[in-house]
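The residues making up each chain are set out below.
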Amino acid sequence: MIEKQEIMMRIFPFKDILSDFESYLNGYITSKNYLSDELKNACIYSVQSGGKRLRPLILILITKMLGKDIKEIYNLGISLELIHEFSLIHDDMECMDNDNYRRGMLTVHKKYGEDIALLSGDALLNMSFENAINELQINNDLNTIKAYKYLFECSGHMGMIGGQSLECETSTQDLNTYFNIILNKTAKLIMAATTCPALYFNCEDEICKKLNDLGKYMGLLFQIIDDRSDGDGIYKINKTKADEFIIYYKNEIHNIIDELRNAGYDTSELNGLILYLFDEEYEN
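Since the structure is predicted, the reported quantities are computational estimates derived from the model, not experimental observations.

## Some details on helix 11 (residues 239–262)
Phase 1: With 24 residues, helix 11 extends 34 Å from end C-alpha to end C-alpha; this agrees with the ideal 34 Å at 1.5 Å per step.
Phase 2: Where helix 11 is concerned, the buried positions are Ala242, Ile246, Tyr249, Lys250, Ile253, Ile256, Ile257 and Leu260.
Phase 3: For helix 11, the N-terminal cap is Asn238; the gap from its side-chain oxygen to the backbone nitrogen of Thr240 is 3.2 Å.
Phase 4: After helix 11 finishes, the residue Gly264 shows a positive phi value of roughly 105°.

Right, here's the structure in full:
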């Protein structure tokens, strides 16, 4: 087991990696024109309320691993993060999870009301599309189109939104249903984070598949650990069964990292994030 100090030494540089993207994201969200000041405030409040920026961080680390300029992927990172923020606003609303706080702050619907929360989530989702179209007008090549297409597939009716809908409509505790739900509502957006850079930079199919599998296993592991910890998953997965899957997915993740490293990629920062997320922070 790697010592905690070593893990923290690996995670600290990520703040520097994200700081430039954070400025880029904040500049984008605050520079937009809004018809409604209340809508503007709610959108900015949501985006600037903190969080690890895990999905754009993964996107950036994969891009670095591929040896590409991370600034080339910032626009895609904005669309990815805006989709995530939209989903959080809607998930917190009374008709869904009815949460009062997120990241230690009032949720958007508690601060601005249900109507503005609904509309601000819609606005952020729409902005993610606007941002994509803006880049495609400038960089209208097939690989860019493939990357954005995959992102929107992962977030839409056959991905995150579809998975959330499945969770709302089912009362079953069947294990297959549970995995179908978490694959879509959680893992798909992380799969977009790992796979979109490979599509964007036209990597070989084999690398695209490895990175897609990596995102899948990371997303499933992330949700299973969360459900095991707080017991609010629809399946209420028991600790023994959860631990079996946790061990399996950890092994699969580390196998993929080893394969990428053996193929000549520098996986050190990506591996550091994985160790931080799964082998240390959530070990207990």
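## Description of the pattern of salt bridges
Phase 1: Following the criterion strictly, the structure yields 16 salt bridges and no others.
Phase 2: Notably, a salt bridge pairs Glu244 with Lys241, separated by 3.7 Å at the nearest N-O pair. Highlighted residues: Glu244 and Lys241, both in helix 11, separated by three residues, approximately one helical turn.
Phase 3: Judged by its relative accessible area of 46%, Glu244 falls in the partly exposed class.

## Considerations on the packing of aromatic side chains
Phase 1: One pass over the structure, following the stated rule, counts 11 aromatic pairs.
Phase 2: Measuring from centroid to centroid gives 4.8 Å for Phe129 and Phe152, while their planes differ by 70°, and the two rings are edge-to-face. Within this pair, whereas Phe129 is found in helix 6 (residues 114–138), its partner Phe152 is found in helix 7 (residues 142–155), the two being separated by 23 residues in sequence.
Phase 3: The class of Phe129 is partly exposed, set by a relative accessible area of 35%.
Phase 4: Judged by relative accessible area, Phe152 falls into the partly exposed class, the value being 23%.

Cut-offs applied
Residues numbered from 1 in each chain as written. Predicted model: local features only at pLDDT ≥ 70, side-chain atom pairs only at ≥ 80, totals over all residues. Heavy atoms only, no water. Helix = DSSP H or I, 4+ residues; strand = E, 2+ residues; numbered from the N terminus. Expected span 1.5 Å × (residues − 1). Buried < 20%, exposed > 50% of the residue type's maximum accessible area, 1.4 Å probe, protein only. Polar contact = N/O pair within 3.5 Å; in protein donor to acceptor, adjacent residues only side chain to side chain. Salt bridge = Lys/Arg side-chain N within 4 Å of Asp/Glu carboxyl O. Phe/Tyr/Trp six-rings, centres within 6.5 Å; stacked < 30°, edge-to-face > 60°.

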